[in-house]
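Residues per chain are reported as follows:
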Amino acid sequence: MYQLLKKDKSAKRGRLHTVHGVIETPVFMNVGTIAAIKGAVSTDDLRQIKTQVELSNTYHLHVRPGDHIVKKLGGLHKFMNWDRPILTDSGGFQVFSLSGLRKIKEEGVYFQSHIDGRKIFMGPEESMQIQSNLASTIAMAFDECPSSVATREYIQNSVERTTRWLMRCKNEMQRLNKLEDTINPNQLLFGINQGGVYEDIRIEHAKRIADMELDGYAIGGLAVGETHEEMYRILEAVVPYLPQEKPTYLMGVGTPANILEAVDRGVDFFDCVYPSRNGRHGHVYTNHGKLNLFNAKYELDDRPIEEGCGCPACRSYSRAYIRHLLKAKEMLGMRLCVLHNLYFYNTMMEEIRQAIDGGCYQEYKKKKLEGLTEK
Ligand SMILES: [Zn+2]
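Residues numbered from 1 in each chain as written. Predicted model: local features only at pLDDT ≥ 70, side-chain atom pairs only at ≥ 80, totals over all residues. Heavy atoms only, no water.

Visitor: I'd love a proper account of the coordination of the zinc ion, names of residues and values included.
Guide: Around the zinc ion, the donor atoms from the protein are C309 (SG), C311 (SG), C314 (SG) and H340 (ND1), and they sit 2.1 to 2.3 Å away. Geometry at the zinc ion is tetrahedral, judged from its 4 donor atoms and the angles of 104 to 113° they form at the metal. Within one chain, the residues serving as donors to the zinc ion are arranged as C-x1-C-x2-C-x25-H. Of this pair, C309 sits in the loop between β16 (291-292) and α12 (312-316) while H340 sits in helix α14 (residues 331-357), placing them 31 residues apart in sequence. Per residue, the accessibility class of C309 equals that of H340, and both read buried. (Donors = N, O, S within 2.8 Å, 3.2 Å for Na, K, Ca; no water. Tetrahedral: all angles 85-135°; square planar, octahedral: opposite > 155°, others 65-115°. Helix = DSSP H or I, 4+ residues; strand = E, 2+ residues; numbered from the N terminus. Buried < 20%, exposed > 50% of the residue type's maximum accessible area, 1.4 Å probe, protein only.)

Visitor: Give a detailed account of the domain arrangement of the protein, specifying residues and quantitative values.
Guide: As far as domains go, the protein holds domain 1 (2-272) and domain 2 (285-372). Look at where the C-alpha atoms of domain 1 and domain 2 centre, and you get two points 27 Å apart. At the interface, 33 residues of domain 1 touch 29 residues of domain 2. For the pair domain 1 and domain 2, the summed buried surface comes to about 2,700 Å²; carbon and sulfur atoms form 65% of the total. The largest share of the area that domain 1 buries against domain 2 comes from I49, K50 and L260, three residues that together contribute 25% of it. (Domains from an automatic or database assignment. Contact = heavy atoms within 4.5 Å. Buried area = accessible area lost by both parts, 1.4 Å probe.)

Visitor: A description of the pairing of strand β11 (residues 188-193) should follow, citing residues and the corresponding values.
Guide: The buried fraction of β11 is high, at 6 of 6 residues. What you see with β11 is no split at all: L188, F190 and I192 on one side and L189, G191 and N193 on the other are buried throughout. One ladder, built from 3 bridges, connects strand β10 (residues 138-140) with β11; its direction is parallel. Looking at β11, one finds that I138 is bridged to L188. Where the polypeptide runs from β10 across helix α7 (residues 152-178) and back to β11, its parallel neighbour, the crossover connection is right-handed. For β11 and strand β12 (residues 216-219), the ladder comprises 4 bridges, and the chain directions are parallel. What sits directly across from I192, in β12, is A218. Handedness of the β11-helix α8 (residues 199-210)-β12 crossover: right-handed. (Pairing = 2+ DSSP bridges. Right-handed = clockwise from strand over helix to strand, strands pointing away.)

Visitor: Give a description of the pattern of salt bridges that names residues and reports values.
Guide: Per the stated rule, a full pass over the model turns up 23 salt bridges. A salt bridge links R175 to E172; its shortest N-O distance comes to 2.8 Å. With a gap of 3 residues between them, R175 and E172 both fall in helix α7, about one helical turn apart. For E172, a relative accessible area of 8% corresponds to the buried category. (Salt bridge = Lys/Arg side-chain N within 4 Å of Asp/Glu carboxyl O.)

Visitor: A description of the nonpolar core should follow, citing residues and the corresponding values.
Guide: One broad rule of soluble globular proteins: the nonpolar side chains tend to lie buried together. One finds L250, I259, F270, I352 and Y361 to be the most contacted residues of the largest nonpolar core, which totals 86 residues. Looking at which element gives the most residues to this core, the answer is α14, with 13 residues. Looking at which domains feed residues into this core, each of domain 1 (2-272) and domain 2 (285-372) gives three or more. If sequence neighbours within four positions are ignored, I352 has contacts with P26, I259, L260, V263, Y361 and Y364. The next biggest cluster of nonpolar side chains, apart from the first, holds 18 residues, and it includes V31, L188, I192 and A218. (Core = buried A, V, L, I, M, F, W, Y, C linked by side-chain atoms within 4.5 Å.)

Visitor: Explain a nonpolar patch on the surface to me, using residue names and the numbers behind them.
Guide: On the surface, I69, L73 and F79 cluster together into a nonpolar patch covering about 260 Å² of accessible area. Here F79 is to be found in helix α4 (residues 76-80). We classify F79 as partly exposed; its relative accessible area is 37%. (Patch = residues over 30% accessible without salt bridge, like charges linked within 9 Å, V, L, I, M, F, W, Y side chains within 5 Å. Areas by Shrake-Rupley, 256 points an atom, 1.4 Å probe, with all protein chains shown as cover.)

Visitor: Explain helix α10 (residues 256-264) to me, using residue names and the numbers behind them.
Guide: Counting buried positions along α10 yields 8 of 9 residues, so the element is predominantly enclosed. Downstream of α10 by one or two residues, G266 has phi in the positive range, about 100°.

Visitor: Can you explain the packing of helix α6 (residues 124-134) against α7? Please cite residues and give values.
Guide: In contact at an axis separation of 8 Å, α6 and α7 are set at 40° when each is read in the N-to-C sense. One way to sum up the angle between α6 and α7 is to call them oblique. Taken as a pair, α6 and α7 cross one another with a handedness that is right-handed. Contacts between α6 and α7 involve P124, E125, M128, Q129 and S132 from the first element and W165, R168, C169, E172, M173, R175 and L176 from the second. For the contact of α6 with α7, a count of residues per class yields 6 nonpolar, 2 polar and 4 charged. (Axes fitted to C-alpha atoms, helices over the stretch in contact; angles between N-to-C directions. Parallel < 35°, antiparallel > 145°, perpendicular 65-115°, else oblique. Left-handed = near helix turned anticlockwise from the far one by under 90°. Nonpolar A, V, L, I, M, F, W, Y, C, P; charged D, E, K, R; others polar.)

Visitor: Run through the layout of surface pockets, naming residues and quoting values.
Guide: What the largest pocket holds in volume is close to 1,100 Å³. Along the wall of the largest pocket there are 48 residues; nearest its centre are T33, F93, Q94, D271 and V273. Elements that contribute at least two residues to the lining of the largest pocket include exactly β5 (54-57), α2 (58-63), α5 (92-98), α9 (228-238) and α11 (274-280). (1 Å grid on protein atoms, 1.4 Å probe; cavity = no way out; pocket = protein on both sides within 12 Å on 5 of 7 lines; lining within 4 Å. Points joined across faces, edges and corners; volume = space filled by probe spheres on them.)

Visitor: Give me unusual backbone geometry: which residues, what numbers.
Guide: In this chain, R64 is followed by P65 through a cis amide linkage whose omega measures 5°. You can see P65 is positioned in the loop between α2 and α3 (67-72). Put simply, V253 and G254 share a cis peptide bond, and its omega is 5°. Position of G254 among the secondary structure elements: in the loop between β13 (248-250) and α10. Even without being glycine, K9 reaches a positive phi, approximately 55°. In this fold, K9 is placed in the loop between β1 (2-8) and β2 (11-18). For K9, a relative accessible area of 65% gives the class exposed.

Written as C-alpha cells, this is what we have:
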C-alpha cells in the first residue's frame, strides 16, 4: 500500500508498505543487475550505506543462473541474503537492447541469449513467471522499449501492443500469486508508460494504464539518447496523467541533477547504473562536483573523498590511498569508490525527503544543483 504523505508543489513524499518492509520515497534503488552490485559490494555493505531497495534483472537471472535455480534456493531474497525490498526489471529493455537476433510477435519476443546464443522466447506470461520464481517484492510489466529513432507509426503500434501485454501481465500475476508454491504471493506489479518523445501518445497511454489499478507506474523509454530538456518536457506532460496516489518511477535515470529535476516533476522512484559504473572508473560524486581520483593532483591528498561523509570509504581512507589502489588495479579501490557513490545517492534521497517534509524543496534543489556543478 502506498501513502502519499506530503506534496511540495509537484514533488511527492511517499511511503510504500511491502511484505519486505517500508520504502520511504523519493528513493534511489541500487542496481545489482545479476543479483550483485558491481564493484564487489555485498548486501551486508548495502545495509551500511542506507540502501532501501535492491534492483535485479529478470532477463539476466533467467539466462544465468536460471530462475528455477533461484526458486529452488528459496527466491532472490534468500539467495543473495537481502531481506529488504527488491524490484525486478521485466527483461523487456534487455531483450531489445542486448540480443542481436529477435522477432517481435503478438505473443512475445523470440531472441538469442547474449551469453550462449541459445534461443529464448519471452512474452508477458514468461516474464511474470520468471519474476514470480525470483520472488521479488515488485515486478515490472513486460513492455517493448522502442528504439529512440523509431517512427511515430512504429511507436504508436508498439505502445498499443505494450498495453495488451500489460493486461496479460496483470492477469498472469494474479494467477501466479494464488498458486500454492509461490514464494511471494504478495508480489506487486508496476506498469510502464511508453511513447517515445511523442507527448500525445504518452498521455493517451498513461490514461489507459492508469485505469488498470496497478501497484505503481513507471515511465520507460527515456534517458535513451534524447536531451535532458526533452526528458523534462515529457515528464511535465505525462506525470499529471499517472495516479499520484501510486508510486511514480522514472526508469534508468540518472545523474543527481536529473533526479532533482524529476522529483520536482512528481517522480519518486529511481534507478541508474551511474554511481556504480562511475565508481568503478574512479569517478566520485561530492557536493562540490565530481572528482576523477586518477588525477595526479590527488597523489598527496590525505583528505577523504568528501569531508564529513559517513560512508565506509570516507570514514577510513584518503583520496591519495584510494587513488593508489585504483592505479594499482586493486579491487578495493573500485569497491570504495562504488560504496561512496551509492552512499552519496542514498544520502541525497534522504535530504530530498527531508526537504519535501520541511516544505523547502525548491531552496534545497537550487542549493544542491549549485554545489553539484562546481568545478
Ligand atoms: Zn564517502
